[in-house]
Amino acid sequence: MKVFFNSTQLHKIVSLFILILAFSLVAGNTYSQNFVSVKDGEWKTDSTWESTSNCSKWSNVSDGQPPVSKNWGCEVTVVINHEVTYNGNASGFGSGVFTSLEIGPNGKLIFEDNITINGGGSEPEIILAEGAELVVNGKFDIDRGVEIVVPKNAKLTINNFEIGDNRPVITIEDGAILVVSGETHVRSQSTLNVFGQFQTDELNYSSGGEINIGSNDFSGEVSVSGNMLIGNGDLNMYNGSTLMVGGTSSTGSSGSINLEDNAKMSLVGDVEMGQGGSMTINDNAEFSFESKYFTSGGANIKLNDNARGTVHDEVIMTNGRLYLNNSSELMLGSTFTATNGAKVIGKQNGAMYVCDYPRKKIQGT
């Protein structure tokens with residue numbers, strides 16, 4: 001069977017074919033301007049960069065150096081293979097059509113002042129290769145739902161770290177290091193995963209957030225030289241992970257601490273748990289309070305399945321609970337005072353050993 005087309009039909013078919021071909025070519029290509037460092041230098045110096053672009057001249061192509069944010073036009077990607085320094089505050093970093101920042105194996109990016117990841121547009125990718133280093137000598141404020149992974153042999157060094165409440169996720173992989181010389185503030189709906197090493201002066205999540213130390217496959221190591229406040233947030237430890245806090249520790253009004261599978265926690269300063277605060281120790285995990293332990297308003301500690309706990313100084317419980325289950329043990333090195341209905345509840349060979357106790361009668365036990 002033969003099919004014949006007149007000239008009008010043939011013109012329409014050819015036009016449609018050209019349109020489909022043009023659409024396929026556009027869909028298969030990402031138009032962007034790519035900046036790559038060519039030597040050590042300053043971000044704001046043109047000679048630090050080499051750029052290539054497949055965008056048209058009407059697409060707001062950037063000149064000389066990569067912008068830290070861009071409202072419209074040709075997308076921007078940045079690759080750093082040298083030591084590059086950014087001087088001045090970088091507000092709105094990665095907003096608009098700034099799509100990715102990649103620091104290569106020999107790359108190092110230094111922000112001498114503050115950097116804030118906020119604004120609109122697509123969420124930028126921030127990629128660190130093994131061996132890469134990112135340094136923020138000011139405040140690093142992440143207020144977007146970005147994900148940053150610090151891989152093995154890479155390092156992230158920050159003065160003050162603000163992990164915002166728009167669902168950012170920070171992951172420190174096995175063999176990687178995060179160092180915060182000042183305060184780490186984990187806000188509501190944010191997540192910090194530590195499978196490598198994390199050091200900070202202060203750790204504060206007063207409005208929520210989640211920190212996971214270790215996983216089924218890796219053990220994390222966290223050291224807090226100052227104080228730790230877990231208010232309305234969760235601290236979870238797994239698989240032999242360790243946490244040491246040199247200052248005071250508090251769960252605020254409803255913070256929770258959970259230890260699993262041989263995890264170990266040492267809190268050197270006084271520990272205070274308020275109403276709604278809780279701590280659960282499972283599966284051979286251990287904790288040690290080197291100073292005093294206070295509860296108020298119904299805070300609870302639960303030890304299960306051969307868990308171990310030690311409080312070296314006095315314990316003062318006001319309307320709280322201690323649960324000792326399945327051969328778990330709690331050792332108190334000083335006095336124990338329980339008032340206002342506070343209770344110690346032991347089941348299935350759970351035990352508490354008190355080296356000393358006040359002369360007045362312990363209530364609520």
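Everything numeric in this text was worked out from a predicted model, so none of it was measured.

1. Comments concerning the confidence of the model for the protein
For the protein, mean pLDDT is 89; residues scoring 70 or higher make up 89% of the total. With pLDDT under 50 throughout, residues 13–29 is counted as low confidence; its partners more than four residues away or in other chains account for one contact.

2. Describing the nonpolar core
Side chains of a nonpolar character, in soluble globular proteins, are inclined to be buried together. Core analysis: the largest hydrophobic core is formed by 81 residues, its most contacted members being W43, F93, F140, L243, M265 and F289. Not counting chain neighbours up to four residues away, the residues in contact with F289 comprise M265, L267, V271, M279, I301, T310, V311 and H312.

3. Description of the environment of G252
Inspection of the secondary structure assignment puts G252 in the loop between strand 23 (249–250) and strand 24 (256–259). With relative accessibility at 22%, the residue G252 sits in the partly exposed group. Remark: the alpha-carbon pair of G252 and Q275, spanning 23 residues in sequence, is separated by 7.8 Å. Once residues lying within four places of it in the same chain are set aside, the contact partners of G252 are L229, I230, G231, M273, G274 and Q275.

4. Regarding the side chain of K70
As for its placement among the helices and strands, K70 is situated in the loop between strand 3 (49–53) and strand 4 (75–80). Within the buried set, K70 has no salt-bridge partner at all; the shortest N-O distance to an opposite charge, 8.8 Å, is to D63. Once residues lying within four places of it in the same chain are set aside, the contact partners of K70 are Q33, S59, N60, V61, S62, V76, S95, G96 and V97.

Rules behind the numbers
Each chain carries its own residue numbering, running from 1 in the direction its sequence is written. Only residues with pLDDT of at least 70 get local features here, since the model is predicted, and only at 80 or more are side-chain atom pairs given and counted; chain-wide, interface and lining totals rely on the full set of residues. As a convention, hydrogens and water are excluded, and side-chain values are obtained from all of the structure's heavy atoms. Each residue carries a pLDDT score, the predictor's confidence in it, ranging from 0 to 100. Any two residues whose heavy atoms approach within 4.5 Å at even a single point are treated as in contact. Residue types Ala, Val, Leu, Ile, Met, Phe, Trp, Tyr and Cys, when buried and joined through side-chain atoms within 4.5 Å, form a set referred to as a nonpolar core. Exposed residues in this analysis have more than 50% of their type's maximum accessible area, buried residues have under 20%, and partly exposed residues fall in between, with area computed by a 1.4 Å probe over protein chains only. Numbering goes from the N terminus for both helices and strands, where a helix is a DSSP run of H or I of at least four residues and a strand is a run of E of at least two. Just so you know, the count uses Lys and Arg for positive and Asp and Glu for negative, and it drops His and the chain ends. In what follows, salt bridge is the name for a side-chain nitrogen of Lys or Arg lying within 4 Å of a carboxyl oxygen of Asp or Glu.

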